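Inside the fold
This is what each chain is made of:
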Amino acid sequence: MSANIRNFSIIAHIDHGKTTLTDQLLRKTGTLADREMSERVMDSNPIEKERGITIKLAPVRMVYKPEFKHSNLLPLNSYILNLIDTPGHVDFGYEVSRSLAACEGALLVVDATQGIQAQTLSNYEKAKALGLTIIPVINKIDLPAADADQVALELMQEFGFNEQDIVKVSAKTGIGIEGLLEKIVEVIPPPTPTPSASPSTDGLASPPQAGGEETPLRVLVFTSLYHQHKGVIAYVRVVDGVLKREKLKAIGTRSEFLPIELGVFTPSMTPIDELKAGEVGYIATGLKDVRLMRVGDTITTVQRGSTQALPGYKEPQPMVYMEFYPIDGDDFALLVDAMGKLALHDAALQFQSTHSHALGNGLRVGFLGILHAAIVQERLEREFNLDLIATSPSVRYKIELRTGETIEIHTPIEYPDPAEIKRVFEPVVLATIFTPKDYLGDVMRLCERHRATLDGMEDHDRRVKVTYLLPLSELIVNFHDELKSVSSGFASLEYEMFDFQPVDAVKLDILVHFEKVEALSQIVVRDQAEHIGRAVVKRLKEVIPRQNFEVAIQAAIGGKVIAREDISAYRKDVTAKLYGGDQTRKDKLLKKQAKGKKRMKEFGKVSLPQEAFLAVLER
């Protein structure tokens, strides 16, 4: 029976209290004892706990025995609540879409001190497109700056909620949590039998709905990871039938396996004998290759199994590309091994080998955004003890050649000869910004500086929603930081890929001691090339250590140098050891020193510190 099952996610803008609310639900339902509780229970990675963000979705099964003080609904003895905690940062939006596709409902959490933000709107639209039942939740009502009534008014005006639909809670103190649990049981529907799910218009899966337990088995894989002893572990939602320990197969990859273990999350992995229609749990497949268990695939039985796959997910597409090079060339094999292990847990990571004359062997890696790249680099350095050089981030460009062929490039190293190029196209995102009216002028000036085109503007009482077509290359550098700066932290940003548009772009090369350093190259707009070039060489002059010879730092487009800075040489006092004597002895030593410096300048090599590569990231 699935009548006592409720599957739901928590969606919100970053820092609106999703994870704290999850902790409080675990505490109220008795899923974890007080001695087992800690802050951010669902965040298993140390970086998640330190940064206070959720990176990867995490499911948990709670058993709730309601008192129903405020409801007329006749309760069952207990309810199984399957919650999937989702990330809040825009870089991990694909994780949100996965978790929503495995649910019938969602809690839309809004901060009582901040109100509706850009990602609140985006997450609402994702949940609505999938046909989910949405419960609006106003969090942090205990704070002095909270204005729950005003936020409730915004929710009613923006999304059309009724006042009685809105639940006001404090996840930190536990106020209103019991009422929220009752609302979840009362409002979110249980999984209901339907023959199949139909795909939504945006390519995401429609919410799976449990079929009868007698129908052929169909299980939706909404994420997977690799376990050293149990092989690939698939996080699943049973849509039709009953999942038991019998010979299974993945319809998409056609891989067959006998499960090592079935279980649920409490929140640790807890083995059970079977999972029925509507339940969320995991399958320890024993497979050694995570590619055999793709996200969005359908699992069924080998004998008398279903032939109809469930609608899959939109594959995560990398938006930012960077290259990683080990400082010690002998560590390249360790880097490949480490990246392979991270990719087992992160379906969005894509990487391939590359080579640089200056830096040796490395990896070109595709990321969902700058935060995703920063977290992966931090994990590589912290968990695998690797010292890395990271190149400046770049985006995917489409280039139409004079031969009529169109190619895609991901890094400046791949940029073809300018004589062969007819047109260059850059990716553009549709950026949605919510800002208080007091900061609207500064926000619009910021967007114009970054080559954005105004697409629309809507008034939302105390705030304004503006949409811009913004080049992705402008967004990935430090646009988000600048937006927070000009709005005193009150503006919020959400974006999605839109299209490609023509751009007058050139490759900006950086030469150190007359040698081109490919890792410092970047693709820039021609009008800004000289300004960016001057800024880069100036910063490099500050971070590259002085040598015993003069070092020239140049920015060039093709063969034309557009900016230059010189680092003066150290001067050793070679005459200090002389005592007495005439001037000719000093002149002889100084002449010998000048010859040596000239030879050094011809054959000397400059070692670049990591700070030099970081300097290119700034604008």
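Residues numbered from 1 in each chain as written. Predicted model: local features only at pLDDT ≥ 70, side-chain atom pairs only at ≥ 80, totals over all residues. Heavy atoms only, no water.

Section: the packing of helix H1 (residues 18-28) against helix H6 (residues 177-187)
Which entries qualify depends on this criterion: Axis geometry follows a simple rule: fit a line to the C-alpha atoms, using only the stretch in contact for helices, then measure angles between N-to-C directions, giving values from 0 to 180 degrees. Segments assigned H or I by DSSP are reported as helices when at least four residues long, segments assigned E as strands when at least two residues long, and all are numbered from the N terminus. Every angle not falling under 35 degrees, over 145, or within 65 to 115 is termed oblique; those three ranges are roughly parallel, roughly antiparallel and roughly perpendicular. Contact criterion: two residues are considered in contact whenever any of their non-hydrogen atoms come within 4.5 Å of each other. Three categories are distinguished: nonpolar for Ala, Val, Leu, Ile, Met, Phe, Trp, Tyr, Cys and Pro, charged for Asp, Glu, Lys and Arg, and polar for the others, with Gly belonging to the last.
With their axes 10 Å apart at the nearest point, H1 and H6 run at an angle of 85° to one another. In terms of orientation, H1 and H6 fall into the roughly perpendicular class. When H1 is examined against H6, the residues Leu21, Gln24, Leu25 and Lys28 are found in contact with a partner set consisting of Ile177, Leu180 and Leu181. Partitioning the contact of H1 with H6 into residue classes produces five nonpolar, one polar and one charged.

Considering the sheet that holds strand S1 (residues 5-12)
Stated formally: We call two strands paired when DSSP finds no fewer than two bridges between them.
On the basis of which strands lie adjacent, the open sheet formed by six strands has the order S2-S3-S1-S4-S5-S6 and mixed pairing. Since the sheet does not close on itself, it has two edges, and those belong to strand S2 (58-64) and strand S6 (167-168), each with one partner. Relative to strand S3 (residues 79-85), S2 runs antiparallel, the two being bridged by seven bridges. Looking at the pairing, Ala58 lines up with Asp85 of S3. Against the sheet, H1 makes contact with S1, S2, S3 and strand S4 (105-111), and its axis sits at roughly 150° relative to S1, the strand it touches most. Contacts from helix H5 (residues 148-159) reach S4, strand S5 (133-139) and S6 within the one sheet, and its direction differs from that of S5 by about 155°.

Observations concerning the UniProt feature "binding site: GTP" (unreviewed entry) in the protein
Using the following cut-off: UniProt positions are given in the numbering used here, feature names are shortened, and annotations may be inferred rather than shown by experiment. Each residue is placed in one exposure class: buried if its accessible area under a 1.4 Å probe, protein chains only, is under 20% of its type's maximum, exposed if it is over 50%, and partly exposed if it falls in between. Nitrogen and oxygen atoms within 3.5 Å of one another constitute a polar contact, given that in protein one can donate a hydrogen and the other can accept it, and given that sequence-neighbouring residues count only through two side-chain atoms.
With numbering aligned to this structure, UniProt lists the feature "binding site: GTP" (unreviewed entry) at Asp15, His16, Gly17, Lys18, Thr19, Thr20, Asn139, Lys140, Ile141 and Asp142. When you line up the elements, Asn139 lands in strand S5. Residue class for Asn139 comes out buried when judged on its relative accessible area of 2%. One can find Lys140 in the loop between S5 and H5. If we ignore the near neighbours within four places in the chain, the residues touching Lys140 are Asp15, His16, Gly17, Asp111, Ala112, Ala146, Val169 and Ser170. Reaching out from Lys140, the side chain makes a polar contact with the side chain of Asp111 at a distance of 3.0 Å.

Section: the pattern of salt bridges
Formally: Within this document, salt bridges are pairs made up of a side-chain nitrogen of Lys or Arg and a carboxyl oxygen of Asp or Glu, the two lying within 4 Å of each other.
This model, assessed by the stated rule, comprises 26 salt bridges. Note that Lys140 and Asp111 form a salt bridge whose closest N and O atoms lie 3.0 Å from each other. With Lys140 in the loop between S5 and H5 and Asp111 in strand S4, this pair connects stretches of sequence that are 29 residues apart. Under the relative-accessibility criterion, Lys140 is labelled partly exposed at 22%. As a salt-bridge pair, Arg396 and Glu408 come within 3.1 Å of each other at their nearest N and O atoms. Here Arg396, found in the loop between strand S18 (388-390) and strand S19 (397-401), pairs with Glu408, found in strand S20 (residues 406-409); they are 12 residues apart in sequence, far enough to count as distant. In this structure Glu408 comes out as partly exposed when scored by relative accessible area, which is 37%. Counted as one network, the salt bridges with shared partners bring together Glu323, Arg364 and Glu414.

Focus on the side chain of Gln24
Counting through the fold element by element, Gln24 comes out in helix H1. Residues in contact with Gln24, not counting those within four places in the same chain, are Ala171, Lys172, Thr173, Gly174 and Ile177.

With respect to the environment of Val302
Mapped onto the secondary structure, Val302 falls in the loop between strand S14 (298-301) and strand S15 (320-326). Taking the C-alpha atoms as reference points, Val302 and Lys249, separated by 53 residues in sequence, lie 5.8 Å from one another. Contact partners of Val302, with chain neighbours within four places excluded, come to Lys247, Leu248, Lys249 and Glu256.

Points about the sheet that holds strand S17 (residues 360-367)
The strands that make up a sheet pair up through hydrogen bonds in the backbone, lying either parallel or antiparallel. One open sheet accounts for four strands, arranged S16-S17-S15-S18; its pairing is antiparallel. In this open sheet, the two edge strands, each paired with only one partner strand, are strand S16 (350-356) and S18. Within this sheet the neighbouring strands show an average axis-to-axis angle of 30°, counted without direction. When S15 meets S17, the two strands line up antiparallel, connected through five bridges. Each bridged residue has a counterpart across the sheet, and for Val320 the counterpart in S17 is Phe367. Against the sheet, helix H8 (residues 370-383) engages S15, S17 and S18, with an angle of about 20° to S15.

Some points on the environment of Asp85
Take Asp85: it is sitting in strand S3. On the basis of relative accessibility, which here comes to 0%, the residue Asp85 falls in the buried class. In sequence terms Asp85 and Ser99 are 14 residues apart; their C-alpha atoms lie 8.0 Å from each other.

What about H5?
Convention followed: Take the number of residues in a helix, subtract one, and multiply by 1.5 Å to get its expected span.
Helix length check: H5 (12 residues) gives 16 Å between terminal C-alpha atoms against 16 Å at 1.5 Å per residue, within 8%. Within H5 the residues assigned to the buried category are Ala148, Gln150, Val151, Ala152, Glu154, Leu155 and Phe159. Residues of H5 that are buried sit in contact with S4, helix H4 (118-129), S5, S6 and strand S23 (463-471). Once H5 ends, the next one or two residues include Gly160, with phi positive near 80°.

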